[in-house]
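Summary of the model geometry
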Amino acid sequence: MAIRPVLRLGDPRLRLASAPVQRFDTPELHALVADLRDTMAERAGAGLAAPQIGVHLRVVIYGITANPRYPEAPPIPETVLVNPRLTRLGEEEQLGWEGCLSVPGLRGEVRRWQRLRLEAFGPGGEPIAAEVEGFHARVVQHECDHLDGLLFPDRLVCTERFGFSEELRAAGLIP
Ligand code: NI
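Residues numbered from 1 in each chain as written. Predicted model: local features only at pLDDT ≥ 70, side-chain atom pairs only at ≥ 80, totals over all residues. Heavy atoms only, no water.

**Topic: the overall build of the protein chain**
When you go through the protein chain residue by residue, the secondary structure sums to 3 helices and 8 strands. Starting at the N terminus and walking to the C terminus, you meet the elements of the protein chain as α-β-β-β-β-β-β-β-α-β-α. With respect to the principal axes defined by its C-alpha atoms, the protein chain has extents near 50 × 35 × 30 Å. In the protein chain, buried positions account for 49% of the 175 residues. Within the protein chain, residue pairs in contact and separated by at least 24 positions form 67% of the contacts whose partners lie at least 6 positions apart. A total accessible area of about 8,700 Å² is found for the protein chain, and carbon and sulfur atoms account for 53% of it. (Helix = DSSP H or I, 4+ residues; strand = E, 2+ residues; numbered from the N terminus. Buried < 20%, exposed > 50% of the residue type's maximum accessible area, 1.4 Å probe, protein only. Contact = heavy atoms within 4.5 Å. Areas by Shrake-Rupley, 256 points an atom, 1.4 Å probe, with all protein chains shown as cover.)

**Some points on the packing of aromatic side chains**
In this structure the tally under the stated criterion is 2 aromatic pairs. Each ring, one from Phe24 and one from Phe121, has its centre 5.3 Å from the other, and the planes form 55°; the classification is tilted. Here Phe24, found in the segment before helix H1 (27-42), pairs with Phe121, found in strand S6 (residues 115-121); they are 97 residues apart in sequence, far enough to count as distant. The partly exposed category is assigned to Phe121, whose relative accessible area is 32%. (Phe/Tyr/Trp six-rings, centres within 6.5 Å; stacked < 30°, edge-to-face > 60°.)

**Brief notes about the nonpolar core**
Within the largest apolar cluster, 18 residues are counted, with the highest numbers of intra-cluster contacts made by Tyr62 and Val140. Residue assignment for this core shows that the elements contributing at least two residues are strand S2 (59-64), strand S3 (76-88), S6 and helix H2 (134-146). At 5 residues, H2 tops the list of elements feeding residues into this core. Setting aside chain neighbours within four positions, we find Val140 in contact with Tyr62, Leu86, Leu116, Leu118 and Val132. Grouped together as the second largest cluster of nonpolar side chains are 16 residues, Leu48, Ile53, Val59 and Ile61 included. (Core = buried A, V, L, I, M, F, W, Y, C linked by side-chain atoms within 4.5 Å.)

**A closer look at the coordination of the nickel ion**
Note on the nickel ion: its protein donors are Cys100 (SG), His142 (NE2) and His146 (NE2). The metal-donor distances range over 2.1 to 2.3 Å. Read from N- to C-terminus, the donor residues coordinating the nickel ion fall into the pattern C-x41-H-x3-H. Here Cys100 is found in the loop between strand S4 (93-98) and strand S5 (106-113), whereas its partner His146 is found in helix H2, with 46 residues between them in sequence. Look at His146 and you get buried, because its relative accessible area is 2%. (Donors = N, O, S within 2.8 Å, 3.2 Å for Na, K, Ca; no water.)

**Overview of the side chain of Arg58**
Locating Arg58 in the fold gives a position in the loop between strand S1 (47-49) and S2. Arg58 sits in the buried class, given a relative accessible area of 16%. If we ignore the near neighbours within four places in the chain, the residues touching Arg58 are Ser18, Ala19, Pro20, Val21, Leu81, Val82, Asn83, Pro84, Leu147 and Asp148.

**Some details on the pairing of S6**
Alternating residues of S6 divide into Leu116, Leu118 and Ala120, all buried, and Arg115, Arg117, Glu119 and Phe121, none buried. Bridging between S3 and S6 involves 5 bridges; their strand directions are antiparallel. For Leu86, the partnering residue across the bridge sits in S6 and is Leu118. Inspection of the sheet shows S6 paired to strand S7 (residues 127-133) by 7 bridges, in the antiparallel sense. Bridging from a neighbouring strand, Leu118 pairs with Ala130 of S7. Hairpin geometry of S6 and S7 is characterised by an intervening segment of 5 residues between the two adjacent antiparallel strands and by a positive phi of about 95° at Gly125. (Pairing = 2+ DSSP bridges.)

Right, dumping it as structure tokens:
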């Protein structure tokens, strides 16, 4: 287990598509999950995807327990998704502000699906299926975007609603 450096926007490795995990329940996969967990915890992130620590496999972790970065967010239990697949449910969309450990100090407003169906595997190969909505759905979409080389600034609603957290907070745009 280790805290790993998080790649930042501009690093071309963040733009690569990640490959599906082929073998489950291996020491390598469990070590990757432990590194993601430690790194996310140390940086007080809401989520982290393997390519953000330079590992191009389709693995993400997320979870929120009274996160100071997201004071308004409802708690989400820690979840690890391997080879996730997302399917939009319904037509409804949501607008919300996002940040990213790979885009430190900045926030931007992004439109996401309001509800989705999630299918994935746990690190041991156990199937996971769930329907999620709201902030939980937002976090899942943000993390899974990383697996395709996408970051939240690619999905900004408008570049004027993008900036440094301190300035946005001073302007009353984010809590
Ligand atoms: Ni991110």
